[in-house]
Amino acid sequence: MKVNIKYFAAIREGLGKSGEQVQTDATTLAMLRDELIARGGAYAEVLSRGRAVRVALNQVMCKEELQLVDGCELAFFPPVTGG
Amino acid sequence: MVVSWLSSHRSLAAEMTNRVSIQTADFDLSVETAALRAQDSRVGAVCAFVGTVRDRNDGQSVRAMELEHYPGMTEKAIEAMIDEALKRFDIYAARVIHRVGLLQPLDQIVLVLVTSAHRGQSFLACEFLMDYLKTQAPFWKKEQTPSGERWVDARVSDDQALKRWGIGSDNLTGAG
């Protein structure tokens, strides 16, 4: 399936891009994150399991166990610091 | 803007009033207060929180701050918070304005405004909305300091503040 990924803040900066569309066989957000980490380089660093990374599916913050759906929008970002 | 013949139709007027604004422009507390309580004689209390940019953070001076957000999700998340506040507290209306872009010390960043019949519910809802916003709304601050730029770290105390309301937040403390 195809998914649209957005990156924000330090993750966006680390990857040098604000988003991308990927073709994936991953069925959950966690699996997709692992696929991205497996690319190595900046991906392995900014999405590392040792880091606090928050995820959102279709613009709602969620757990990584959630299922991906074709054409969905997901986002990876650091803990939020507004207000 | 709401035209004059609508002023006696509270529900319709309220629907037309914007509850959430994400903007680069500054805001005026007096103007927002007047708009939120306009024509609503049930209101006996208005509670406002205004967050401003400090010139110091974590032991360093801050020259400026860049606010990034997730367009679309930010508005949705704050709308959901206001819906939750309207369910939990006996309040009439709420308004949230959050600025984005480049801000300087002394600038206003965020406004939370709540109306109710008596002060207690407005105070509570105002604090609830800020606790929620701090940990659930997708904003990120980047500070400019004399030693360079740095992303602001989330605080454990903000997650703990939201837990007071019986809501688990794993903004910072959740599994990576």
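Residues numbered from 1 in each chain as written. Chains lettered and ligands numbered in written order. Predicted model: local features only at pLDDT ≥ 70, side-chain atom pairs only at ≥ 80, totals over all residues.

Overview of the overall build of chain B
For step 1, the next point in the chain: A count of helices and strands for chain B gives five helices and ten strands.
For step 2, the next point in the chain: Counting the 176 residues in chain B, one finds 34% classified as buried.
For step 3, the next point in the chain: Long-range contacts, defined here as pairs at least 24 residues apart, represent 71% of the contacts in chain B between residues at least 6 apart. (Helix = DSSP H or I, 4+ residues; strand = E, 2+ residues; numbered from the N terminus. Buried ≥ 20, exposed ≤ 12 C-beta atoms within 10 Å, placed from the backbone. Contact = placed C-beta atoms within 7 Å.)

With respect to the nonpolar core
For step 1, the next point in the chain: If you look at the biggest cluster of nonpolar residues, it comprises 58 residues, and the most contacted ones within it are B:Ala94, B:Val112 and B:Leu129.
For step 2, the next point in the chain: Among the elements that make up this core, the one with the highest residue count is helix α4 (residues 119–136) of chain B (seven residues). (Core = buried A, V, L, I, M, F, W, Y, C linked by C-beta atoms within 7 Å.)

Things to note about the packing of helix α3 (residues 73–88) of chain B against α4(B)
Residue and element names in this part refer to chain B.
For step 1, the next point in the chain: Their axes nearest at 10 Å, the elements α3 and α4 cross at an angle of 150°. Accordingly, the angle class assigned to the pair α3 and α4 is roughly antiparallel. For α3 against α4, the interelement crossing comes out right-handed. For the pair formed by α3 and α4, the contact residues are Ala77, Ile78, Met81, Ala85 and Arg88 on the first element and Ala125, Phe128, Leu129, Tyr132, Leu133 and Gln136 on the second.
For step 2, the next point in the chain: Its residues assigned to classes, the contact of α3 with α4 shows nine nonpolar, one polar and one charged. (Axes fitted to C-alpha atoms, helices over the stretch in contact; angles between N-to-C directions. Parallel < 35°, antiparallel > 145°, perpendicular 65-115°, else oblique. Left-handed = near helix turned anticlockwise from the far one by under 90°. Nonpolar A, V, L, I, M, F, W, Y, C, P; charged D, E, K, R; others polar.)

A look at α3(B)
For step 1, the next point in the chain: With 16 residues, α3(B) should reach 22 Å at 1.5 Å per residue; the first-to-last C-alpha distance of 22 Å fits that figure.
For step 2, the next point in the chain: Of all the positions in α3(B), only B:Met73, B:Thr74, B:Ala77, B:Ile78, B:Met81, B:Ile82 and B:Ala85 are classed as buried.
For step 3, the next point in the chain: Buried residues in α3(B) make contact with β3 (54–57) of chain A together with β1 (20–23), β5 (64–69), β6 (91–99), α4 and β9 (139–145) of chain B. (Expected span 1.5 Å × (residues − 1).)

Digging into the interface of chain A and chain B
For step 1, the next point in the chain: Listed as interface residues are 20 residues of chain A and, on the opposing side, 24 residues of chain B.
For step 2, the next point in the chain: Mapped by element, the contributors of at least two residues to the side of chain A that touches chain B are α1 (9–15), β3 and β5 (73–77) of chain A.
For step 3, the next point in the chain: Here the residues of the side of chain A that touches chain B sort into twelve nonpolar, five polar and three charged.

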